[in-house]
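Letter by letter, the chains look like this.
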Amino acid sequence: MATDLVAQLADSLAQTGVEEGELSYKGQGRKLDDAQSVEEMVKEIQDFEGLQALRLEGNTVGVEAARAIAKALETKSEFKRCYWSDMFTGRLRSEIPPALNSLGDALMLAGARLTVLDLSDNAFGPDGVKGIEKLLKSTACYTLQELRLNNCGMGIGGGKILAASLKECHKKSSAEGAPLSLKVFVAGRNRLENDGATALAQAFQLMGSLEEVHMPQNGINHPGVTALATAMQHNKGLRILNLNDNTFTEKGAMAMAQALKPLRSIQVINFGDCLVRPAGAMAIAETVSEGLPILKELNLSFGEITEEAALAVAQAVKDKDQLEKLDLNGNCLGEDGCKALKDAMEGMNMGELLGSLSDDEGEPEDDDEDDDDDEEEDDDEEVDEEEVEEEEEEEEEEEEEESSSNNKLSTPASAPRPPDVSSFLSFPSPDKLLKLGDKRAFLIEQQVDVTDGTKTAEAFLKIASVYKEENKDVKNAVLDSIDALLKKAFATPSFQGYSFVCLICTCISHFCLLVSEDKVKPVLVVPGHLHALEHVVRQDYFPKENVAVLEAFMSR
């Protein structure tokens, strides 16, 4: 039976990596304190011919264990990809830099040429960045394409160290005729603020190779946004720009709108919760109208945008034939404004592309008062900029005290608000799923276009990727969310059910692909996908004819 085949496949993959050249210990919850605790792992690394990638996510690695793993990596010259997010949970801050130094030294000694370095969800602060500083400047990173440092608590100081390291790497690699060409940069929730963002902007401008930039929730306001805008103009291949939950105000929004004009490859713009305001939204609308020919998603939610500006944005996307979503939720449209916006989108036969307006704030009560507030805020920003050096010095002193304390555990340096569905689907994690609360299943099914088999398959894979058999709460949250999503999908007449099933089957059969509209994008299949699929095929909502398709794929 199909379910038996899936179960067998899940068991066979549960303890091993599934990508070519990859060894995975992802999500195994191992507590690796010393060399003895990693003896088996070290032997497997040593015996793995042609090792290209090592997954250590979801374990906790101490200094001695890291040294033993590093020793095993010293001979792996073909090594390319470090998936080392969330691997210091519960560790002292003082343990993390020497552990990272050991691993980095090993890669340099091996002559590795990295393409991916993922250290997200390791709250190591500025000292953690110092732990990878030498690696980032070395030949091992001349070939780096993806750098993921989401939720690491780097702060302003860490951002500056990171920026200096990237600039040095670019300088040295350029001297050898192959300049650093980083494509993906992820550093959300890091308290970078203006100075950290400005320092990184200089590195971005120097490289000019970025295709994806994700820097949400960093406390950046218009000076930092303006610096980033200048840098983005030099990255002509930029496809995705996510600066959600920073504070643009009109100055930053206008600078960013101007910077986006010459960029022809932009597909996703996420300026949600950035306070772009009406004038900023109008400037962005002008840019969208005049260019951005392959724009797929535009998020200007929660930006204090009024009806006139929202309608200008709607008018600007009328000729974007690749547009998939326009998000203007949480603005100041009022009941009449929401209706006018919906009517405008429907009049252009794009009504289904407009996201929910359920959180609209209503029309602003007093425009004059708002103008006064704007002026006061600008004055406050000027004062803040005059005092920023003193504040940064105090912050860096506090961070140094925290980093040097032997009693300080590696826990998130910031206390971010619970993530929304978009945040979870962009960067899935068990914690984010749980923090969506009891209404998570409803929220997810509302977010995903269930009429589209491809998008539903993508959502399924992302939700299932955080499945944990040993954690009842996470397991139930994953299965409940998937049930709600697929129950709605299969009950929708226009749902491309066959497309969904074929995509999932092909994903599992080949162990590596997720299909988008224009190309095949490699994605690791983890045991969670298989356990989730085993659950799904047993449910009443899953059509019997699709079980047959699944069985046909599995029996090949």
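Residues numbered from 1 in each chain as written. Predicted model: local features only at pLDDT ≥ 70, side-chain atom pairs only at ≥ 80, totals over all residues. Heavy atoms only, no water.

- In the annotation of an unreviewed UniProt entry, the entry for the protein chain reads Ran GTPase-activating protein 1, and the organism field reads Lates calcarifer.

Considering the overall build of the protein chain
Then, in step 1: Helix and strand counts for the protein chain stand at 21 helices and 15 strands.
Then, in step 2: When contacts within the protein chain are restricted to residue pairs at least 6 apart in sequence, those whose partners lie at least 24 apart make up 83%.
Then, in step 3: Accessible surface, the protein chain: about 24100 Å² in total, of which carbon and sulfur atoms supply 45%. (Helix = DSSP H or I, 4+ residues; strand = E, 2+ residues; numbered from the N terminus. Contact = heavy atoms within 4.5 Å. Areas by Shrake-Rupley, 256 points an atom, 1.4 Å probe, with all protein chains shown as cover.)

Details of the confidence of the model for the protein chain
Then, in step 1: Across the protein chain, the average pLDDT comes to 82, with 79% of residues at 70 or higher.
Then, in step 2: Counting contacts from residues 9-18, a segment whose pLDDT is below 50, to residues more than four positions away or on other chains yields 19 contacts.
Then, in step 3: Contacts from residues 410-418, a stretch scored under 50 in pLDDT, to residues over four places away or in other chains number 23 contacts. (pLDDT = per-residue confidence, 0-100.)

Here we look at the packing of aromatic side chains
Between two aromatic rings, the relevant description is the distance of the centres plus the angle of the planes.
Then, in step 1: Taken as a whole and assessed by the stated rule, the structure comprises 2 aromatic pairs.
Then, in step 2: Summarising the aromatic geometry, the rings of Phe185 and Phe204 are spaced 4.9 Å apart at their centres and angled 65 degrees between planes, so their arrangement reads as edge-to-face. Residue Phe185 is located in strand β8 (residues 184-186), and its partner Phe204 is located in helix α7 (residues 193-207); the two are separated by 19 residues in the primary sequence.
Then, in step 3: Judged by relative accessible area, Phe185 falls into the buried class, the value being 0%. (Phe/Tyr/Trp six-rings, centres within 6.5 Å; stacked < 30°, edge-to-face > 60°. Buried < 20%, exposed > 50% of the residue type's maximum accessible area, 1.4 Å probe, protein only.)

Looking at the sheet that holds strand β1 (residues 22-24)
Then, in step 1: Taking strand neighbours across the sheet as the criterion, the 11 strands line up as β1-β3-β5-β6-β7-β8-β9-β10-β11-β12-β13 in an open arrangement whose pairing is parallel. Two strands lie at the open edges of the sheet, namely β1 and β13 (325-327), each paired on one side alone. Going across the sheet, the axis of each strand differs from the next one's by a mean of 5 degrees, ignoring polarity.
Then, in step 2: Relative to strand β3 (residues 53-55), β1 is paired through 3 bridges, and the arrangement is parallel. Bridging from a neighbouring strand, Glu22 pairs with Ala53 of β3. (Pairing = 2+ DSSP bridges. Axes fitted to C-alpha atoms, helices over the stretch in contact; angles between N-to-C directions.)

Some remarks on the environment of Ala459
Then, in step 1: Secondary-structure assignment places Ala459 in helix α17 (residues 453-464).
Then, in step 2: Judged by relative accessible area, which is 5%, Ala459 ranks as buried.
Then, in step 3: Here the alpha-carbon distance between Ala459 and Val448, two residues 11 residues apart in the chain, equals 7.2 Å.
Then, in step 4: Those residues in contact with Ala459 that lie beyond four places of it in its chain are Val448 and Leu485.

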